Amino acid sequence: MLLELKEIKKSFGQVRVLKGVSFTLEAGKVLGLVGENGAGKSTLMNILGGIHKPSSGEVFLEGKAFAPQGPTVSLNSGIALIHQELNLFPNLTVFENLFVKNFPRKSVAGIKLIDRRAAIFRAKELLEQVGLDIEPDRIVESLSPAQRQLLEIAKALSSSPRIIIFDEPTTALTRHESRRLFSLINDLRSNGIGMIYISHNLEDVISLSDDIAVLRDGEFINGYTKGGGYSLGSIIRDMVGRDMDQFFPDRDNIPRTDHLLEVKNLGMAPIVNGVSFVAKKGEVLGFYGLVGAGRSEVARCIYGLDSFEYGEVLWNGMRVKTLNPAAWISRGVAFLTEDRREEGLLLDQSIEKNVALASLGSFASAFLRRIKRKDINSAAKKKAEATRVKCDSFDGQATSTLSGGNQQKIVLAKWLLTDPKLLILDEPTKGIDVGAKHDIYELVNELVGNGSSVLLISSELEELLGMCDRILVMNRGRISAEFAKDVFNREAILESALHVMEEAIGA
Amino acid sequence: MIAQLKEHYQKSDNSILYLCVLYYIVMSFITPGFFSLGNNWNLLFNLMPLVIVSIGQTCVMLTGGIDLSITSTIALSSVVGASFMSSDSGLGFNPSVSTFIGIGVMLVVGAAIGLVNGVAVTKLGMPAFMVTLTTMMFFSGFAVWLTESQNIYNLPDSFLRISSMSMRDVPIPVVAALGVMLIAYFILNTTVIGEWIYAVGLNVKVARISGVNVDGTIISCYVFCGVCAALGAVLYTSRLETGSPIMGQNILLDVIGAVVIGGTSLFGGKGKVKWTLFGVLFISLLDNGLNLIGLSYFLIMIVKGLVILFAAILNVLKERPSLAS
């Protein structure tokens, strides 16, 4: 047995995060670890990685008791942790990042120096192993998110680990890159390395894992073995603790014909090249495309976060001149950006303050702009509760202590409190669990049911197919195709996202 | 008992105040003349302008900025205001009118320098440290050049009385400092712009996307800070009975030290009016006590440095989240 966990318990203060979790991992096997956000997966991994100490319980590494005193001890014992939030130094080069802990040394006249040449040589090997075709002296800042993810994996391999823990490795990767990662995982498996694979993408977990462990609320709920007979449905039921008969909730309103937002020939070379589209009232309009196709950039240009070179934006048929967030909010447009930690939340602030932030103006007196504290606090609390956020306190708990799905709900609650006529969502369910996803879909439907519109930017085709009235596909800064709900066609959508276009097809 | 005290200390944000009280009691016993009416008044009058200037600085630091130009603001307001009021200037206003004009001009100078700082930080996107370092050099040089390095005397009596006059038995400097603290407290805790100041300091990107008028918020803070510095200049000028181009030169580090010791974060988003008051109290007590012991200027600097370091360590220890086990 490579790794064995026995009755691991962990509490932070009063909060019990792990309530006695046991499982085992064998050499040359992949253990899939699934559960909702806040189920305790990350805490468990941090215990193995030497970042936290368990409150009680034991870990055995190759039969010997293992209680790491810190991350370095874990790493030296052969456990490599690949975090969800990447731990790279963006200002350093690729090879410097790879060897930041253990640079190859050479001795010149008795003085130990860094051996650059050896480092670069070894870096090339590692990069090749993960299929990353970049020069070792590139600055990490200039790499795409996918390249950084692969670099992080190369870094883990550089310590020749016996156990590798992947925490959501594919969120930044395209399908093609994910497939390459999976074949790498299969290679590692045949080399006898044991792996723990954490992901919300259950299809991936099922196809990769030899065993699957399901956690819920800090407890081990169920374990499955390959060939032991299980289905996606049974795993989801174990994770959520209830049946979810329909993953994408129904919505029966029909979009109206009047235009709410109209964008004409918007461009910012080379990322956005002449984009035109119309969002109707009461419509969920989806944007699909590969990472880098320009979807987020279109939204950011419209909202005034990035500048653009040409094009115009019409709101309710009128040309809009001032494009900035404050002006859009007063028109009733909200924008949930992709990066919730950097652009969505004040991480040190309470839930209440975060939810209130975008609506302060509408809860202030005309004279001296005094905030009506009671009104805004109760309104914020109500919105937060409507999103079914799980938290200890609305006014005393910093949002940094919440799990990803709950953080996203807080950002969403902030925007819902502004009572938007148009809500722009950029990857709203990235890296969050099934239950929270479902809650978010229901909130979107409720909003649209009340006559508002939604622009939904997503890399998950399933999500767009389940939620949208219309899907626009972007490819290299252009809209390459449009699909209406009754003619959604998975293959055609994928094709128009992937294919290199000879000519732009105007919408 | 000890454990309870310790827990209270851990939770409370008044730790600097406790240090002040402790220091005050200890010094009263060991230093002759520390606990005397005269010294207490002296302390109070030194404290008030410093409180006013530090409150302004707190607002700027809450946005994640810093204003190094406060000392030059004090100097320039002092000489410009004094030259309007001085009977040597030959403007020939009636004394009480010229007092009003003088104070008005001083506040306008402060606001103008704050505006320059704020606009450079927001619209030109320059780092606050660079902007205010250069405005500090420029305006302090300007003040010396304007006056040819001479002090300005013969200010009207009505102006000089400001530092000694009382309003219902409360000295005017105390009234002014209380007023500034109340205004700052009101703005920071009850108004939209107060929430915006904290939001900008915590995360500019989040604030902007959430509809906060980031530039306006930051500029307002610099203008407020400039006006506070000018108000400090009014009190200093009145008490010294001169407009001086080198006024306030030594207080920059005291002000920033006081704000930071109070607990306001250098990175923005965290800080309170109350904290800054405690910080200023601490620095002033320290200065005053060490002076009375009769230490040399250099020894005072050494002790002050050590004590501030000690206070900062206490603060950091308190801040560090206890490692859950």
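Worth saying up front: this structure is predicted, and the values here are computed from it rather than measured. (Residues numbered from 1 in each chain as written. Chains lettered and ligands numbered in written order. Predicted model: local features only at pLDDT ≥ 70, side-chain atom pairs only at ≥ 80, totals over all residues. Heavy atoms only, no water.)

A.B. asks: It is not clear to me how the overall build of chain A should be interpreted in this structure. Could you clarify?
C.D. replies: Across its full length, chain A carries 17 helices and 22 strands. Taken over C-alpha atoms, the radius of gyration comes to 24 Å for chain A, in line with the 23 Å a tight globule of 507 residues would show. Judged by the C-alpha coordinates and their principal axes, chain A covers about 70 × 55 × 55 Å. A burial count over chain A gives 52% of its 507 residues as buried. Look at the contacts in chain A between residues 6 or more apart in sequence, and 67% of them connect residues 24 or more apart. Carbon together with sulfur atoms contributes 48% to the accessible area of chain A, which is approximately 22700 Å² in total. Taking the 62 positively charged and 65 negatively charged side chains of chain A as two groups, their mean positions are separated by 5 Å. (Helix = DSSP H or I, 4+ residues; strand = E, 2+ residues; numbered from the N terminus. Rg over C-alpha atoms; globule rule 2.2 N^0.38 Å. Buried < 20%, exposed > 50% of the residue type's maximum accessible area, 1.4 Å probe, protein only. Contact = heavy atoms within 4.5 Å. Areas by Shrake-Rupley, 256 points an atom, 1.4 Å probe, with all protein chains shown as cover. Lys, Arg positive; Asp, Glu negative; His and termini not counted. Charge placed at Lys NZ, Arg CZ, Asp CG, Glu CD.)

A.B. asks: For this particular structure, what's the right way to read the interface of chain B and chain A?
C.D. replies: Tallying the contact residues gives 19 residues for chain B and 30 residues for chain A. Both faces considered, chain B and chain A share a buried interface measuring about 2000 Å² in area, 64% of it formed by carbon and sulfur atoms. Ranking the residues of chain B by area buried against chain A places Val192, Glu195 and Ile209 of chain B at the top, with a combined share of 30%. Counting the contacts that link chain B with chain A gives two salt bridges. For the salt bridge of Arg373 of chain A with Glu195 of chain B, the shortest nitrogen-to-oxygen distance reads 2.8 Å. (Buried area = accessible area lost by both parts, 1.4 Å probe. Salt bridge = Lys/Arg side-chain N within 4 Å of Asp/Glu carboxyl O.)

A.B. asks: How do you make sense of the sheet that holds strand 17 (residues 318-319) of chain A when you look at a structure like this?
C.D. replies: Residue and element names in this part refer to chain A. The strand order across the open sheet formed by four strands is 14-13-16-17, and the pairing between neighbours is antiparallel. Both outer strands of the open sheet, strand 14 (272-280) and strand 17, are each paired with one neighbouring strand and no more. Both strand 13 (residues 259-268) and strand 16 (residues 310-315) contribute to a ladder of five bridges, which runs antiparallel. Within the sheet, the bridge partner assigned to Lys264 lies in strand 16 and is Glu312. Of the strands in this sheet, strand 13, strand 14 and strand 16 are in contact with helix 9 (residues 295-303), which crosses strand 13 at around 110 degrees. (Pairing = 2+ DSSP bridges. Axes fitted to C-alpha atoms, helices over the stretch in contact; angles between N-to-C directions.)

A.B. asks: Is there a simple way to think about the pairing of strand 9 (residues 163-167) of chain A in this case?
C.D. replies: Two faces belong to every sheet, and in a regular strand the side chains alternate between them. All names here are of chain A. When you tally the buried positions in strand 9, you get five out of five residues, the bulk of the element. With four bridges connecting them, strand 6 (residues 79-82) and strand 9 associate as parallel partners. Opposite Ile79, over in strand 9, you have Ile163 as the bridge partner. By the bridge criterion, five bridges tie strand 9 to strand 10 (residues 194-198) in an arrangement that is parallel. For Ile164, the partnering residue across the bridge sits in strand 10 and is Met195. The parallel pair strand 9 and strand 10 is bridged by helix 6 (residues 175-190), and the resulting crossover is right-handed. (Right-handed = clockwise from strand over helix to strand, strands pointing away.)

A.B. asks: What exactly am I supposed to notice about the confidence of the model for chain B here?
C.D. replies: Atomic detail in the predicted coordinates should be set aside for any region of low pLDDT. Residues and elements named next belong to chain B. Looking at chain B as a whole, its pLDDT mean stands at 89, while 95% of the residues score no less than 70. Scored below 50 in pLDDT, residues 321-325 makes three contacts in the model with residues more than four places away or belonging to other chains. In the predicted assembly, ipTM is 0.86 and pTM is 0.80. (pLDDT = per-residue confidence, 0-100.)

A.B. asks: Would you mind showing me how to read helix 9 (residues 192-202) of chain B here?
C.D. replies: Residues spaced three or four apart along an α-helix face the same direction, because each turn holds 3.6 residues. Within helix 9 of chain B, nine of the eleven residues are buried, which leaves the element mostly enclosed by the surrounding structure. All of the buried residues along helix 9 of chain B are Val192, Gly194, Glu195, Trp196, Ile197, Tyr198, Ala199, Val200 and Gly201 of chain B. Elements in contact with the buried residues of helix 9 of chain B: helix 12 (351-356) and helix 13 (373-386) of chain A together with helix 3 (37-62), helix 8 (172-190), helix 10 (204-209) and helix 11 (214-240) of chain B.

A.B. asks: What's the story with the sheet that holds strand 1 (residues 3-12) of chain A in this structure? I'm lost.
C.D. replies: Two pairing modes exist for strands in a sheet, parallel and antiparallel, and in both the strands are linked by backbone hydrogen bonds. All names here are of chain A. Taking strand neighbours across the sheet as the criterion, the four strands line up as 2-1-4-5 in an open arrangement whose pairing is antiparallel. Unpaired on one side and paired on the other, strand 2 (15-25) and strand 5 (64-65) mark the two borders of the sheet. Helix-sheet contacts for helix 1 (residues 41-48) involve strand 1, strand 2 and strand 4 (56-61), and the interaxial angle to strand 1 is about 115 degrees.

A.B. asks: Help me understand the side chain of Gln407 of chain A in this model?
C.D. replies: Residue and element names in this part refer to chain A. Note on placement: Gln407 falls in helix 14 (residues 404-417). According to the relative accessible area criterion, Gln407 is buried, its value standing at 2%. One polar contact links the side chain of Gln407 to the main-chain carbonyl oxygen of Thr399, over a distance of 3.0 Å. Sequence-distant contacts of Gln407, that is, excluding residues within four places in its chain, are made with Arg340, Arg341, Leu345, Leu347, Thr399, Ser400 and Leu402. (Polar contact = N/O pair within 3.5 Å; in protein donor to acceptor, adjacent residues only side chain to side chain.)

A.B. asks: Could you clarify how one ought to interpret the packing of aromatic side chains in this entry?
C.D. replies: What describes a pair of aromatic rings is the distance from one ring centre to the other and the angle between the planes of the rings. In the structure shown here, the tally under the stated rule is 13 aromatic pairs over all chains. Residues Phe99 of chain A and Phe103 of chain A carry aromatic rings whose centres are separated by 6.3 Å and whose planes lie at 50 degrees to one another, so their mutual orientation is tilted. For the pair Phe99 of chain A and Phe103 of chain A, a shared accessibility class is recorded, and that class is buried. Taken together, a centroid distance of 6.0 Å and an interplanar angle of 20 degrees make the contact between Phe142 of chain B and Trp145 of chain B stacked. With a gap of three residues between them, Phe142 of chain B and Trp145 of chain B both fall in helix 6 (residues 128-147), about one helical turn apart. Phe142 of chain B gets classed as partly exposed once you look at its relative accessible area, which sits at 31%. On the basis of relative accessible area, Trp145 of chain B is assigned to the exposed category, the value being 62%. Among the aromatic side chains, those forming a connected cluster through ring pairs are Phe138, Phe139, Phe142 and Trp145 of chain B. Here the guanidinium or amino end of Arg331 of chain A rests over the ring plane of Trp328 of chain A, the centre of that ring lying 4.6 Å away. (Phe/Tyr/Trp six-rings, centres within 6.5 Å; stacked < 30°, edge-to-face > 60°. Lys NZ or Arg CZ within 6 Å of the ring centre and 35° of its normal.)

A.B. asks: What exactly am I supposed to notice about the nonpolar core here?
C.D. replies: Among soluble globular proteins, nonpolar side chains are generally buried collectively. Formed by 174 residues in total, the largest nonpolar core has its most connected members in Leu261, Phe277, Trp328 and Trp415 of chain A. A per-element tally of this core places helix 11 of chain B first, with twelve residues. In contact with Trp415 of chain A, other than residues within four places in its own chain, are Tyr303, Ile329, Ala334, Phe335, Leu336, Ala358, Pro420 and Leu423 of chain A together with Ile209 and Ser210 of chain B. In terms of nonpolar packing, the next biggest core, distinct from the first, is built from 48 residues, Val30, Val130, Leu202 and Leu208 of chain A among them. (Core = buried A, V, L, I, M, F, W, Y, C linked by side-chain atoms within 4.5 Å.)

A.B. asks: Hey, could you run me through unusual backbone geometry in this one?
C.D. replies: Of all residues except glycine, most have a negative phi; of all peptide bonds, most are trans. Residues Ala269 of chain A and Pro270 of chain A are joined by a peptide bond in cis, for which omega reads 0 degrees. Topologically, Pro270 of chain A is positioned in the loop between strand 13 and strand 14. Of note, the phi angle at Asp419 of chain A is positive, near 55 degrees, even though the residue is not glycine. In this model, Asn154 of chain B sits at a positive phi of 60 degrees, which is unusual for a non-glycine residue. Positionally, Asn154 of chain B belongs in the loop between helix 6 and helix 7 (157-160).

A.B. asks: Can you walk me through the pattern of salt bridges in this structure?
C.D. replies: Residue and element names in this part refer to chain A. This structure, assessed with the given rule, holds 25 salt bridges over all chains. Note that Arg256 is salt-bridged to Asp258, the shortest N-O span being 3.3 Å. Residues Glu442 and Arg388 are paired through a salt bridge, measuring 3.3 Å at the closest nitrogen-oxygen approach. In this pair, Glu442 is assigned in helix 15 (residues 434-449) and Arg388 in the loop between helix 13 and helix 14, connecting sequence segments 54 residues apart. By relative accessible area, Glu442 is classed as partly exposed at 30%. Classification of Arg388 by relative accessible area gives partly exposed; the value is 43%. Linked through salt bridges whose partners overlap, the residues forming this network are Arg388, Lys409, Asp439 and Glu442.

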